[in-house]
Amino acid sequence: FLSYGANLHFGALLALFRRVPMLRAQGRDAEAKNEIRTSFTFVALVALVGGPALYVLIRVTVDDVLPRHAGAVALLVGFQLIRGFYTTIYKADSRFKEQARAVLSGSVVAFLSLPLIWFWDLDGLLVSTGAQALVEVSVLAFWSEAPGLGISRRVLSGQIRVGLAALLVSIGSQLLTT
């Protein structure tokens, strides 16, 4: 669920990675910001709507899953989507140093939370993974310009049209390796 859930952006993030650097190189910063704002809003909405839907899907399809585990996985998918947005922006802007700080911060949290996994098994793993994602998203968001909220239908349809093919290739690869 975590692997496939990270693809709920429907290719919008893949197109964002391609389009933002091109627009900025052409001096079209306002259009780049519109791409970023649209993508962020879309990903946030998918995380908010997809989380409860994923929770229900997990509860219906996985035998004997505890509600807290299904809820944690749904929440983690939301964090993955938001982290994916910020990671895409950092890569598009070639801000690898700042991105590395976020990954390092998350890695420190993951390392320090290893005892949780030892003592709490799956609950500990979910808490550890959630804490790592929360720290990474917080660090990435702290060092970023606020993207704002708003969706341009034209921009979103273009992002999905451009990114969907790449997303399908990625999903195909996941299907072959899982």
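Presented here is a report on the structure given in the accompanying data block. Source: prediction; values computed, not measured. (Residues numbered from 1 in each chain as written. Predicted model: local features only at pLDDT ≥ 70, side-chain atom pairs only at ≥ 80, totals over all residues. Heavy atoms only, no water.)

Examining the nonpolar core
Next, step 1: Leu16 and Phe85 are the most contacted members of the largest nonpolar core, which has 35 residues in total.
Next, step 2: Put simply, the parts of the chain that give this core at least two residues each are α2 (12-25), α3 (29-61), α4 (67-92) and α6 (114-142).
Next, step 3: Of all the elements, α4 adds the most residues to this core, at 13 residues.
Next, step 4: Among all residues touching Leu16, those that are not within four sequence positions of it are Pro21, Glu35, Ile36, Ser39, Phe85, Thr88, Ile89 and Gln159. (Core = buried A, V, L, I, M, F, W, Y, C linked by side-chain atoms within 4.5 Å. Buried < 20%, exposed > 50% of the residue type's maximum accessible area, 1.4 Å probe, protein only. Helix = DSSP H or I, 4+ residues; strand = E, 2+ residues; numbered from the N terminus. Contact = heavy atoms within 4.5 Å.)

Side note on the packing of helix α5 (residues 96-112) against α6
Next, step 1: The N-to-C vectors of α5 and α6 enclose an angle of 160°; their axes lie 8 Å apart at closest approach. Classified by the angle between their axes, α5 and α6 sit roughly antiparallel to one another. Once α5 is placed against α6, the crossing between them reads as right-handed. Listed contacts from α6 to Gln99, Arg101, Ala102, Val103, Ser105, Gly106, Ser107, Val109, Ala110, Phe111 and Leu112 of α5 are Leu114, Pro115, Ser128, Ala131, Gln132, Val135, Glu136, Val139 and Leu140. (Axes fitted to C-alpha atoms, helices over the stretch in contact; angles between N-to-C directions. Parallel < 35°, antiparallel > 145°, perpendicular 65-115°, else oblique. Left-handed = near helix turned anticlockwise from the far one by under 90°.)

Read these as layout, nothing more, since geometry by itself doesn't imply function.
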